[in-house]
Structure formats: C-alpha cells, structure tokens
Amino acid sequence: MAQSQVGIIIRNTTIYCQYYPSGKGASIYLADNGIRLPKAGIVEARLYRKPLHWWKLKTATVSKSPSGKYFCSLTFEYVVKPPKAVQPTLETTLGLNFSLSHFYIDSNGHAADAPHWIQRSQDKLGRMQKRLAQMQRGSKNYEQQLHRLQCLYEHIANQRKDFIHKESRRIANAWDAVCVKDTDLVKMSQTLQLGNVMDAGYGQFRAYLQYKLERMGKPYIVVEKYFPSAKTCHFCGAVNDALAPDARRWRCPSCGAVLMRANNAAENLRNQGLAQYYANQGRRVSA
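The sections below set out a description of the structure shown in this document. From a predicted model like this one, the values you see are computed outputs, not experimental measurements.

What counts, and at which threshold
- One numbering rule holds for all chains: residues counted from 1, following each sequence as written.
- Local features in this predicted model are restricted to residues of pLDDT 70 or higher, and side-chain atom pairs are both shown and tallied only at a pLDDT of 80 or more, whereas totals for entire chains, interfaces and linings draw on every residue.
- Only hydrogens and water are set aside when side-chain values are computed; all heavy atoms of the structure are taken into account.
- Pairing between strands is defined by DSSP: at least two bridges between them are needed.
- Secondary structure elements are defined from DSSP: runs of H or I of at least 4 residues count as helices, runs of E of at least 2 residues count as strands, and each element is numbered from the N terminus.
- When the centres of two rings from Phe, Tyr and Trp lie within 6.5 Å, Trp using its six-membered ring, the rings pair. Their planes under 30 degrees apart give stacked, over 60 give edge-to-face, and anything left gives tilted.
- Throughout this description, buried means an accessible area under 20% of the type-specific maximum (1.4 Å probe, protein chains only), exposed means over 50%, and partly exposed covers the range between.
- Here, a charge over a ring means that NZ of Lys or CZ of Arg falls within 6 Å of the ring centre while also lying within 35 degrees of the ring normal.
- A helix's residues, less one, multiplied by 1.5 Å, set its expected span.
- Note on contacts: a residue pair is in contact if any heavy atoms of the two residues lie within 4.5 Å.
- Residues enter a patch when their relative accessible area is above 30% and they make no salt bridge; the linking distance is 9 Å between like charges and 5 Å between nonpolar side chains (Val, Leu, Ile, Met, Phe, Trp, Tyr).
- Surface accessibility in these figures is a Shrake-Rupley result with a 1.4 Å probe; residues are shielded only by whichever protein chains are displayed.
- Should a side-chain nitrogen of Lys or Arg be within 4 Å of a carboxyl oxygen of Asp or Glu, the pair is scored as a salt bridge.
- Axis definition: a line fitted to C-alpha atoms, limited for helices to the stretch in contact. Angles are taken between N-to-C directions and run from 0 to 180 degrees.
- Read the arc as the range of directions from the helix axis to the C-beta atoms.
- Relative orientations are named as follows: roughly parallel for angles under 35 degrees, roughly antiparallel for angles over 145 degrees, roughly perpendicular for angles from 65 to 115 degrees, and oblique for any other angle.
- In this scheme the crossing of two helices becomes right-handed for a clockwise turn of the near helix relative to the far one and left-handed for an anticlockwise turn of less than a right angle.

1. A short note on the sheet that holds strand β3 (residues 34-37)
Strand order in the open sheet formed by three strands is β2-β3-β4, and the pairing between neighbours is antiparallel. Strand pairing shows two members of the sheet lacking a second neighbour, β2 (29-30) and β4 (41-44), which therefore form its edges. Strand direction decides the pairing type here: β2 and β3, joined by two bridges, are antiparallel. Note that in β3 the partner of Leu30 across the bridge is Ile35.

Printed below as a string of structure tokens:
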C-alpha cells in the first residue's frame, strides 16, 4: 500500500464492511488498482490473490510492519464443501521428529534443512547488530541502521515463512497422514542450550501443516509429549530408560538392533500415531 494515502488510518485497525441497501454497493471493495477503504478512498495496493465473485467481504484489517510497510488483510465469507475423509495406511503415513541440527527428520530417514540463504541472512543480521551497537543512540546514522535492521528482520521472517509454507505443502500433497509429537517448544528452549529452538519455526510449521492436511481431509495426528519415542526400539518395542540424552546412536539391549536416535523416534511416532488414530476411530464406531 502507499504509505501517504493510508497514513490517516490507525495502525492495526479492523474495519467492518457495510453493505448499503438497494444494491448501492459496499463500504469496502476491490478496485482495479487497489482497495477502497472508508475515509481513505481508493488506496493503491498490490493484490496477491483475487477473490471469486461469490465470496462476501466481511472485514479489512490495516497494519503497519516495523519496517514501515502497510498491509491490508481482507476476510471473506463463502461456503466450503467438506473434503472426503482419507484413511491412512502405514505406507502412506509420515512421522516427523523435531531436530535442532536439522529442521526435522522423518520416518523415512529424510532430513529437512532450512535453505542456505536463511543462514546467510542471519549471518548478515549479526554483523548489522554489531555495527548498530557501535553507533550513538539517537543519531541519524543510528536511525538509518536501525531501519535497515528492521527490514532485515522482516526479510528473514518472510524467508522462513516461505520455506515453511512450501515444505508443509509438499508433505500435505505427498502423504495421507502425518504424525507429530506434542512437544512443548517453549519448555525445550528453556532447557536446551545447543541452539535456538524458537528461532527454527517448527511450531509455525506444525500449524501450517495441520490446516493444509485438514483442508484435504487428511488426518493430522498428535502423539502425546510423554511418549518415549527416542528411547523405544521400533523393531521390538523395548524401552531403553538408560539412554543418554546426547546419544545419537544406540544399541537396543533387548534385540541388539543398532538405531539412529532421530530416525528411530520418527518411526515410533508414525507407528504410535497410526495406532492411536485407529483406536480413536474404533471407539467412535462402537459408540
């Protein structure tokens, strides 16, 4: 949006669309070159997606980012046909285990890493923060560097969101069900010192993956957080309570199988989640 035209609107303001009688139009509508807002008129805007003609506009929320950019989020109302439920199998179900060294490791042994350009941006962020700390607070150079820093923060957030959207879409299209652990990421970030848990964006990834799967009628299965996925051998089911927290590779004391910690945890999450799903389905049928 053009900042000069929308500056009269209070930041983070939600405006409700009023429909006038006798078909005289509405208080908010989309124009060829922007959005018509009350008191502001037609504001130039870049539209990322055109709504269909039967969608009914309900609200418009105008917000301003720390970098100085204005955004308008439009809410539409329309009827959605419920998707046909998909029944998952062991072959079409994926287990995901959160990893600090990688983004996640799945039950097939695939490790997903964030794109290298995100790391480059984070390295650049560290250099810019160091340079800002050396400037005099309140000076013109300080304010300019602060604005550049805010723009870079926003750029990194957009990069991470782009990766998360694409990765969750790829998984939702390829698999009939996904099993994840109900990991408390906030508590984990307070106990682990090996990396920034919250900075990875795994919680946001789970939320994106859930709504994408549910829109396609596919189960999103959450395994309770106390399930010992890393300590359980997926071959024989024995639980190794003596497993050290930093052990990445271990041998099952019961069957002797050699297991990779993260891969084994992902397979256990898939098996446990699928068993949990069909147990719940059985209870619903019997009820």
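2. Some remarks on the packing of aromatic side chains
On inspection of all chains with the given rule, the structure shows eleven aromatic pairs. Centre to centre, the rings of Tyr277 and Tyr278 are 5.2 Å apart; their planes meet at 80°, and the pair counts as edge-to-face. With a relative accessible area of 13%, Tyr277 lands in the buried category. Ring pairing ties together the aromatic residues Phe98, Phe103, Tyr104, Phe163, Tyr202 and Phe205, which thus form one cluster. Above the face of the Tyr19 ring, Lys56 is positioned so that its terminal group lies 5.3 Å from the ring centre.

3. Structural notes on helix α2 (residues 116-133)
Between its first and last C-alpha atoms α2 spans 26 Å; for 18 residues at 1.5 Å apiece the expected length is 26 Å, and the two agree. At its buried positions, α2 is contacted by α3 (140-174).

4. Considerations on a nonpolar patch on the surface
Residues Leu52, Trp54, Tyr78 and Val80 make up a contiguous nonpolar surface patch of about 430 Å² in total accessible area. Tracing the chain through its elements places Val80 in the loop between β6 (70-77) and β7 (93-98). Residue Val80 is classed as exposed on the basis of its relative accessible area, which comes to 56%.

5. Regarding the pattern of salt bridges
Summed over all chains, the structure comprises four salt bridges. Between Lys166 and Asp162 there is a salt bridge, with its nearest N and O atoms 3.3 Å apart. Separated by four residues within a single helix, Lys166 and Asp162 lie in helix α3, roughly one turn from each other. Residue Arg170 is joined to Glu167 by a salt bridge in which the shortest nitrogen-to-oxygen separation is 2.7 Å. Of the two residues, Arg170 and Glu167 both sit in helix α3, three residues apart, roughly one turn of that helix.

6. Focus: unusual backbone geometry
One non-glycine residue, Lys39, lies in positive phi territory at about 70°. Secondary-structure assignment places Lys39 in the loop between β3 and β4.

7. Examining the sheet that holds strand β1 (residues 13-16)
Reading across from one edge, β1-β5-β6 is the order of the three strands in this open sheet, with antiparallel pairing throughout. Strands at the two margins of the open sheet, each flanked by one partner only, are β1 and β6. Recorded for the sheet is a direction-independent mean angle of 20° between the axes of neighbouring strands.

8. Overview of helix α5 (residues 202-215)
When the terminal C-alpha atoms of α5 are compared, their 20 Å separation across 14 residues agrees well with the 20 Å that a helix rising 1.5 Å per residue should span. If you check which residues of α5 are buried, you get Tyr202, Phe205, Arg206, Tyr208, Leu209, Lys212 and Leu213. For α5, the angular spread of the buried residues around the axis is 165°, confining them to a single face. Residues of α5 that are buried sit in contact with β7, β8 (104-106), α3, β10 (177-181), α4 (185-191) and β11 (220-223). Gly217 sits one or two positions beyond α5 and adopts a positive phi of about 75°.

9. Some points on the environment of Pro219
Mapped onto the elements, Pro219 comes out in the loop between α5 and β11. The class for Pro219 is buried, based on a relative accessible area of 12%. Spatially, the C-alpha atom of Pro219 lies 8.5 Å from that of Cys179, the residues being 40 residues apart in sequence. When sequence neighbours within four positions are dropped, the list of residues in contact with Pro219 reads Val86, Pro88, Asp176, Ala177, Val178, Leu213 and Tyr277.

10. Notes on the packing of α3 against α5
Taken N-terminus to C-terminus, the directions of α3 and α5 make an angle of 40°; their axes are 9 Å apart at the nearest point. Judged by the angle between their axes, α3 and α5 are oblique. In the crossing of α3 with α5, the sense of the turn from one axis to the other is right-handed. Listed contacts from α5 to Lys161, Ile164, His165, Glu167, Ser168, Arg169, Ile171 and Ala172 of α3 are Gln204, Phe205, Tyr208, Leu209, Tyr211, Lys212 and Leu213.

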